[in-house]
Amino acid sequence: MHIDIISTVPDLLSSPLSHSIMQRAQDKGLLTVQVHDLRPYGLGKHNSVDDYQFGGGAGMVMRCEPLAALIDELRAQRTYDEIIYLTPDGERYAQRRANRLSLLGNLLLICGHYKGIDERIREEYVTLEISIGDYVLSGGELAAAVVVDSIGRLLPGVIGDETSALTDTFQDDLLAPPVYTRPAEWRGRAVPEILLSGNTAAIETWREARAEERTAARRPDLLPPDV
Ligand code: ADE
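Residues numbered from 1 in each chain as written. Predicted model: local features only at pLDDT ≥ 70, side-chain atom pairs only at ≥ 80, totals over all residues.

Visitor: Can you help me understand the pairing of strand β5 (residues 82-92) in this one?
Guide: As a general feature of sheets, a regular strand has side chains that alternate between the two faces. For β5 and strand β6 (residues 106-111), the ladder comprises five bridges, and the chain directions are parallel. Opposite Glu 82, over in β6, you have Leu 107 as the bridge partner. On the question of chirality, the crossover connecting β5 to the parallel β6 by way of helix α4 (residues 95-101) is right-handed. As defined by bridge partners, β5 adjoins strand β7 (residues 128-131) across five bridges and the pair is classed as parallel. If you follow Glu 91 over to β7, its bridge partner there is Ile 130. (Pairing = 2+ DSSP bridges. Helix = DSSP H or I, 4+ residues; strand = E, 2+ residues; numbered from the N terminus. Right-handed = clockwise from strand over helix to strand, strands pointing away.)

Rendered as structure tokens:
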């Protein structure tokens, strides 16, 4: 998979994408991520990428021309399966979307700043608008890092144990059960007996029950409605 990201603060993206699992995905050649600085495409001697909004009101809006110039340049090199704009007024991002995006080949992510990007860029190019939650970040970069990370770890071969991404919280619309490691007793707290029993069927049943319990207590919205 190849992901291009358009940003006015590319430095914000370098660290989250160059550690641990994301670095492994790239080292193995399973994922390539290229961050493109929008600033050189800005207008005038200050390379301006934003301007006041028509109709008045606080906050700058990212202009059409620099974004269009960079997007056109990238589109001349690649065909994108999705052109994604990260924005708090987009569709709420969840595991199901991450699963679907992980099956695609080329993605282009656009990070906004200030009040966002001119609506006409959304109309002209954007095929999917994603919000990572009901809060406003100061830019789309952290949201883009979240999307890339959640997709990258799903690519076959990225996580060593192929099954582990499948048992994640949310993968079955259930929260994950509690997990323990050594020592078997710590500060008077013992690991549940069943996990030491070696009885894999009983352990699986126990885990399912704890996952359902935890989901009912913390995220009842994830459970199917009673019929
Ligand atoms: N940009 C600013 N806030 C955002 C959010 N919650 N999700 C995605 N992009 C954003």
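Back to the text.
Visitor: Explanation requested: the environment of Asp 4 in the structure shown.
Guide: By the element assignment, Asp 4 lies in strand β1 (residues 2-7). Expressed as a C-alpha distance, the spacing of Asp 4 and Leu 109, which sit 105 residues apart in the sequence, is 6.2 Å.

Visitor: Even after reading the chapter, I still don't get unusual backbone geometry, so can you show me in this structure?
Guide: Among all residues save glycine, negative phi is the norm, and among peptide bonds the norm is trans. Omega for the bond connecting Arg 182 with Pro 183 falls within 30 degrees of zero, at 0°, which places this linkage in the cis form. The topology assignment puts Pro 183 in the loop between α6 (141-152) and β8 (185-186). We note that Tyr 114 has phi near 55°; this positive angle belongs to a residue other than glycine. Position of Tyr 114 among the secondary structure elements: in the loop between β6 and α5 (119-124). Backbone geometry places Asp 173, a non-glycine residue, at a positive phi of 60°. By the element assignment, Asp 173 lies in the loop between α6 and β8.

Visitor: Got a minute to help me understand the pairing of β6 in this structure?
Guide: The element β6 is largely enclosed, with a buried count of five among its six residues. As paired strands, β1 and β6 are joined by five bridges and run parallel to one another. Across the sheet, Asp 4 pairs through a bridge with Leu 108, a residue of β6. (Buried ≥ 20, exposed ≤ 12 C-beta atoms within 10 Å, placed from the backbone.)

Visitor: Can you help me understand the sheet that holds β1 in this one?
Guide: By way of backbone hydrogen bonds, the strands of a sheet pair with one another, either parallel or antiparallel. The sheet built from five strands is open, its strands ordered β2-β1-β6-β5-β7 with parallel pairing. The outermost strands of the open sheet, each flanked by one partner alone, are β2 (32-37) and β7. Taken over all neighbouring pairs, the strand axes of this sheet differ in orientation by 30° on average, direction set aside. (Axes fitted to C-alpha atoms, helices over the stretch in contact; angles between N-to-C directions.)

Visitor: Even after reading the chapter, I still don't get the site of the ligand, so can you show me in this structure?
Guide: Surrounding the ligand, one finds Leu 86, Thr 87, Pro 88, Ser 131, Ile 132, Gly 133, Tyr 135, Val 136, Leu 137, Gly 140 and Ala 143. The element contributing the most residues to the shell around the ligand is β5, with three residues. Here the shell around the ligand is composed, by residue class, of seven nonpolar, four polar and no charged. (Near = placed C-beta within 6 Å. Nonpolar A, V, L, I, M, F, W, Y, C, P; charged D, E, K, R; others polar.)

Visitor: How should the UniProt feature "binding site: S-adenosyl-L-methionine" (unreviewed entry) in the protein chain be read in this particular structure?
Guide: Under the UniProt annotation, the feature "binding site: S-adenosyl-L-methionine" (unreviewed entry) is placed at Gly 112, Ile 132, Gly 133, Asp 134, Tyr 135, Val 136 and Leu 137. Checked against the element boundaries, Gly 112 lands in the loop between β6 and α5. Exposure remark for Gly 112: the 26 C-beta atoms within 10 Å place this residue in the buried category. The residues touching Gly 112, leaving out its near neighbours within four places in the chain, are Met 62, Tyr 85, Leu 86, Thr 87, Ile 117, Gly 139 and Gly 140. Along the chain, the position of Gly 133 falls in the loop between β7 and α6. (UniProt positions renumbered as here; feature names shortened; annotations may be inferred. Contact = placed C-beta atoms within 7 Å.)

Visitor: Hey, could you run me through the confidence of the model for the protein chain in this one?
Guide: Detailed conclusions should not be drawn from predicted coordinates in areas where pLDDT is low. On average, the protein chain scores 94 in pLDDT, and the residues at 70 or more come to 98%. Interface confidence in the predicted complex, given as ipTM, is 0.98; pTM for the same model is 0.93. (pLDDT = per-residue confidence, 0-100.)

Visitor: Sorry if this is basic, but what is going on with the nonpolar core here?
Guide: Side chains that are nonpolar tend, in soluble globular proteins, to be buried together. By size, the foremost hydrophobic cluster in this structure holds 41 residues, and its most contacted members are Ile 5, Ile 84, Leu 86, Leu 109, Ile 110, Ala 144 and Val 148. Broken down by element, this core gets its largest block of residues, six residues, from α6. (Core = buried A, V, L, I, M, F, W, Y, C linked by C-beta atoms within 7 Å.)

Visitor: Looking at this structure, how should I read α6?
Guide: A turn of α-helix holds 3.6 residues, and therefore any two residues three or four places apart point the same way. Taking 1.5 Å per residue, twelve residues should reach 16 Å; α6 reaches 16 Å between its end C-alpha atoms and fits that length. Burial runs high along α6: nine of the twelve residues are buried. For α6, every residue scored as buried is listed here: Glu 141, Ala 143, Ala 144, Ala 145, Val 147, Val 148, Ser 150, Ile 151 and Gly 152. (Expected span 1.5 Å × (residues − 1).)

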